[in-house]
Amino acid sequence: MTDDGQPGFGIALRGKRAAATSQFAGMLHAMGSTWLTPGREPAFTSDEGVKAFDMWGRLLRLYGPPGSENNHWYEASSIFSQGKAAMFMDANSLFPVIEDPQKSKVIGKVGYVLFPRGPKGQYGSTVAVWGLAMPKSSKNQKPAWLFMQWATAKAQVMNLQSEKGILGCRESVWKDPKGKGKVPGDLSESLMQGSKMGTPLWNPPVVAVAEVRDTVGAAIVTSIQGGDVRAAVNKAATDMKRIMAETENK
Amino acid sequence: MRGYMRSIRRSGESPWTYVQLVLILIPFLFPLFWMLLSSFKTQVENTAYPPVWIFQPTLSNYREVFVKNPFFTFTLNSLVVAVGSTGLALLLGLPGAYAIARFKRTGIALAILTARMAPGISYLIPWFILFTKLKMIDTYTALILTHLIVALPLVLWVMIGFFEDVPGELIEASRIDGCSHFGAFVKVALPLVKPGIVATAILSFIFSWNNFLFSLIIAGFKTRTLPIAVYSFLSYEEINWGGLTAAATIITLPVLLLSLFIQKHIVRGLTLGALKG
Amino acid sequence: MIKEMQTAPGPASMREGKPASWWSHLAEKHPVLLFTLPAGIVVFGLMVFPVFYTVYMSLHSWFASSLTTPEFIGVRNFVRAFIQDERFRNAFVLTIYFTVLATAMQLVLGVALALLLNRPFRGKGLFRSIFLLPMVATPVAIALVWMMMYNPTLGVMNYLTGLVGLGPYKWVSDARIVIPALAAVDTWEWTPLITLITLAGLATLPLEPYESALIDGATPAQMFWRITLPLLRPTIMVALLFRSIDCLKTFDIIYVMTAGGPGFASETLNVYTFQVGLFYFHIGYASSLLVILFALVLGVSLVLIKVRRGSW
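Just so you know, these numbers come straight off a predicted model, no measurement behind them.

Caption draft 1: Inspection of the overall build of chain A at higher detail. Summing up its helical and strand segments, chain A has 11 helices and two strands in all. The C-alpha atoms of chain A give 19 Å as radius of gyration, which agrees with the globular expectation for 250 residues (18 Å, within 12%). For chain A, with 250 residues in total, the buried portion stands at 42%. In chain A, once contacts between residues fewer than 6 apart in sequence are set aside, the share between residues at least 24 apart is 63%.

Caption draft 2: View of the overall build of chain B. Along its length, chain B carries 15 helices and zero strands. When each of the 277 residues of chain B is scored for burial, the buried share is 52%. A separation threshold of at least 6 residues defines the contact pool for chain B, and within that pool the share at least 24 residues apart is 79%.

Caption draft 3: Structural context of the interface of chain C and chain A. Taken together, the contact pairs 17 residues of chain C with 17 residues of chain A. In the side of chain C that touches chain A, the residues fall into nine nonpolar, seven polar and one charged.

Caption draft 4: Just the interface of chain B and chain C, in detail. Taken residue by residue, the interface counts 80 residues in chain B and 84 residues in chain C. Element by element, the count of residues in the side of chain B that touches chain C is highest for helix α2 (residues 15–39) of chain B, at 11 residues. Classifying every residue of the side of chain B that touches chain C by side-chain character gives 55 nonpolar, 19 polar and six charged.

Caption draft 5: Broad picture of the domain arrangement of chain A. Residue and element names in this part refer to chain A. We note that the domain assignment places domain 1 (9–126 + 201–247) and domain 2 (141–197) within chain A. One C-alpha centre belongs to domain 1, the other to domain 2, and the line joining them spans 25 Å. Along the lines of polarity and charge, the residues of the side of domain 1 that touches domain 2 split into six nonpolar, four polar and one charged.

Caption draft 6: Examining the domain arrangement of chain B more closely. Residue and element names in this part refer to chain B. What the domain assignment lists for chain B is domain 1 (2–61) and domain 2 (62–275). Its C-alpha centre places domain 1 at a distance of 31 Å from the equivalent point of domain 2. Listed per partner, the contact involves 11 residues of domain 1 and 12 residues of domain 2. Of all elements in the fold, only α2, α3 (43–46) and α4 (60–68) reach the threshold of two or more residues within the side of domain 1 that touches domain 2. In terms of residue class, the side of domain 1 that touches domain 2 is made up of three nonpolar, seven polar and one charged.

Caption draft 7: The arrangement of the packing of helix α10 (residues 209–225) of chain A against helix α11 (residues 229–247) of chain A in detail. Residues and elements named next belong to chain A. Packing of α10 against α11 leaves a shortest axis separation of 9 Å and a crossing angle of 175°. Overall, the two elements α10 and α11 adopt an arrangement that is roughly antiparallel. Between α10 and α11, the contacting residues are Glu 211, Val 212, Thr 215, Val 216, Ala 218, Ala 219, Thr 222 and Ser 223 on the first element and Val 229, Ala 232, Val 233, Ala 236, Asp 239, Met 240 and Ile 243 on the second. Across the contact of α10 with α11, the residue classes tally to 10 nonpolar, three polar and two charged.

Caption draft 8: Representation of unusual backbone geometry in the model. Residues and elements named next belong to chain C. A cis amide bond links Gly 261 with the next residue in sequence, Pro 262, at an omega value of -5°. Note that Pro 262 resides in the loop between α14 (252–257) and α15 (269–279). Even without being a glycine, Phe 281 presents a positive backbone phi close to 65°. A tally of 18 C-beta atoms within 10 Å means that Phe 281 is categorised as partly exposed.

Caption draft 9: Layout of the packing of helix α1 (residues 18–30) of chain A against helix α2 (residues 47–63) of chain A. Residue and element names in this part refer to chain A. Between α1 and α2, whose axes approach to 8 Å, the crossing angle comes to 130°. Taken together, α1 and α2 sit at an angle that is classed as oblique. When you trace α1 past α2, the crossing you get is right-handed. Taken together, the residues of α2 that come into contact with α1 (itself represented by Phe 24, Met 27 and Leu 28) are Gly 49, Ala 52, Met 55 and Trp 56. Broken down by class, the residue content of the contact of α1 with α2 amounts to six nonpolar, one polar and no charged.

Caption draft 10: Examining the nonpolar core more closely. Grouped together as the largest cluster of nonpolar side chains are 225 residues, with contacts concentrated most on Val 230 of chain B together with Leu 144, Leu 182 and Leu 289 of chain C. With 18 residues, helix α8 (residues 140–164) of chain B is the single largest residue contributor to this core. Excluding residues within four positions of it along the chain, Leu 289 of chain C makes contact with Ala 81, Phe 88, Leu 269, Tyr 272, Thr 273 and Val 276 of chain C.

Caption draft 11: Quick look at the environment of Thr 252 of chain B. Tracing the backbone through its elements, the reader meets Thr 252 of chain B in helix α14 (residues 241–261). Overall, Thr 252 of chain B belongs to the buried group, with 26 C-beta atoms counted inside 10 Å. The sequence separation of Thr 252 of chain B and Trp 209 of chain B amounts to 43 residues, and the corresponding C-alpha distance is 9.2 Å. With residues near it in sequence (within four places) discarded, Thr 252 of chain B still touches Ala 137, Thr 138 and Ala 141 of chain C.

Caption draft 12: Structural detail: the confidence of the model for chain B. Residues and elements named next belong to chain B. For chain B, the average pLDDT comes to 82, and 90% of its residues sit at 70 or higher. The low-confidence segment residues 1–9 (pLDDT under 50) makes three contacts with residues lying over four places distant or belonging to another chain. Predicted complex, confidence summary: ipTM 0.84, pTM 0.87.

Caption draft 13: The arrangement of the environment of Leu 253 of chain B in detail. Structurally, the position occupied by Leu 253 of chain B is in helix α14. Taking the C-alpha atoms as reference points, Leu 253 of chain B and Leu 36 of chain B, 217 residues apart in sequence, are found 10.0 Å from one another.

Caption draft 14: Representation of the environment of Arg 58 of chain A in the model. Here Arg 58 of chain A is to be found in helix α2. Residue Arg 58 of chain A is classed as partly exposed on the basis of its 15 C-beta neighbours within 10 Å.

How each quantity is defined
- Residues numbered from 1 in each chain as written.
- Chains lettered and ligands numbered in written order.
- Predicted model: local features only at pLDDT ≥ 70, side-chain atom pairs only at ≥ 80, totals over all residues.
- Helix = DSSP H or I, 4+ residues; strand = E, 2+ residues; numbered from the N terminus.
- Rg over C-alpha atoms; globule rule 2.2 N^0.38 Å.
- Buried ≥ 20, exposed ≤ 12 C-beta atoms within 10 Å, placed from the backbone.
- Contact = placed C-beta atoms within 7 Å.
- Nonpolar A, V, L, I, M, F, W, Y, C, P; charged D, E, K, R; others polar.
- Domains from an automatic or database assignment.
- Axes fitted to C-alpha atoms, helices over the stretch in contact; angles between N-to-C directions.
- Parallel < 35°, antiparallel > 145°, perpendicular 65-115°, else oblique.
- Left-handed = near helix turned anticlockwise from the far one by under 90°.
- Core = buried A, V, L, I, M, F, W, Y, C linked by C-beta atoms within 7 Å.
- pLDDT = per-residue confidence, 0-100.

Here it is, written out as structure tokens:
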């Protein structure tokens, strides 16, 4: 299936514990589940949730590169951009890697789409944005606020997007042809669509994000390895509850 | 001719010995060789399987490493911190080692060994908190101080052994001649342990150059050292094996060359530290 | 007469009763203090103080990424680690597994090589220079190269094992063999040290026992087990001590190659503590883990030192 006659893989995904969690969010939501219930209890232990974990694991175990459980986005994107995997699901901000004329072998041959919809038509798209935050204890609040306003202003976002291909989140920039310049057409389209119905919960909305990502990630790894998915998911939920109890409401 | 061969065999220098030597060296050299080889390959050649052994070498990876990254800055940072911490360790450690050896304070020697046992992170967390409060993160001073945690015990441990070898009579003689303690130290002891100082300085330099954990947490954007630069190469350059191995070669090369030229001293330093234990 | 001279050394200024400076007076009376004070201050501030701070913090709970202050909780951190924290118990076991495996491999290989190399040959210096390269190469760089070689689809390790009909393996991506794969890297790196230390030890061995053994008709094997090994014991034990301490605390290669993965299959205590303290910011709990790790290292060291002094 690949150029050098070696068999390729169906799909490349992240599997490395905490790293995988944020991408897995798409799968989780597409299957109809989510991180927390309105009462802030783990919600992903539902049947839909377990199915999501199971699917991610199965995809990698049966159709993914060996050792996926240790792959971060750099390994997975590499395998894809070297033409050794047919599909790749990850943050669309990685498109410069795939369209890099000096390194990518699949440049120009890639189509970009929305995260596939789930069995009941649910959208899995996540709106994964990086934000600027100012802590309450900041001693330079006014200058910080001014900086934040400047950094996210249309002019800056337009510059970054049109020149470096760093995807911004201002609709006005997206509507401008100059803003769309470096971005592949179908990527812009899917991004605009995804932003409209996607969920911002690309990570569990908890205080101890790093720790919880690792806990959920552990369940993902178990799934890839072919272990007991339901047990792993339940354990992740228990751990998450404990972590939340320790680090929140204080 | 036969006499020559006979004498070689008697001294154990048969050709077979050399074959054995080469066979032993191959597995220990192979990864380094592979690293060097891959740094001259293109991405296509690096991701080919079965691996490519014969190819047209290219310098593009090295060019890329220096052009796309401020590798000169990183090298300078590593250099400043290594020289700084080594120098400081010698300045503080040499008198200390001399006194411990001369006046036989072996208790302190044991304490140093204990210091070596503590996990690096137990120094790191308090220092990280302190440096953050003092706004000293990402400064040379902070880095040099943290590297001193490894360098100073090393200097003390190895140099105690060397100072113990200095004959007591020589020192006594100089004292009788009117030397102060400090004078005896500088004029008699130090010159005699020069090989030890060289060995220790090199070892300390190498350990600081190679240090990852401390630099990872304490260094920031301005003072980033080479090991951190190489590691972050992994994240932001996808798996660009050529660039990665080029960076890895660049960072290991100085240390490898250093040790090749001064292997005798290094071996003495390392084994002395062990035997005197 | 001579004894008198020997007990009254010192600067001429003091002996002749000339007024001496405050400095030289101090240097004469308390040489140990003055010589070791600079180093002592630095060691105390740089090392002793943080260790005390860590021990102090281990009795507190502090989630440092919020605005809360440390809260004293006594030994609850330790109770939690041993009784409730499965990830800690996993890390503890893995640390021991890795250390035992790596040190055993290095020791056997290192001593064997030393015996093999313990003969005169030309180019000893050159050989030693090349031989110690793995030890001095930057661990991060080594880890990255090994990661590349261990790559399941593109790595040269699978190619080499394939040549002898084995594999392919997932190496560090396989939870079942990740620890041995990592131990192999550590062995590759440090066997030369063991060999060099053993060679130095072999060089100091006396010849008489061997000569009498030869006269008595002993076989090489007997000579090795009954003479060489016992005489080498102190040297080997020191090498074992240093390597054990370092293996228990190994961080660089594990963190770079697997970050403790896949899952938690290679998360040794040091890696786990790093995550807890510097990633999750549970400073109090991390401090207690460090105390436990330190105690482990100390315990193992004491055992080894005792073995070195006593009998097998």
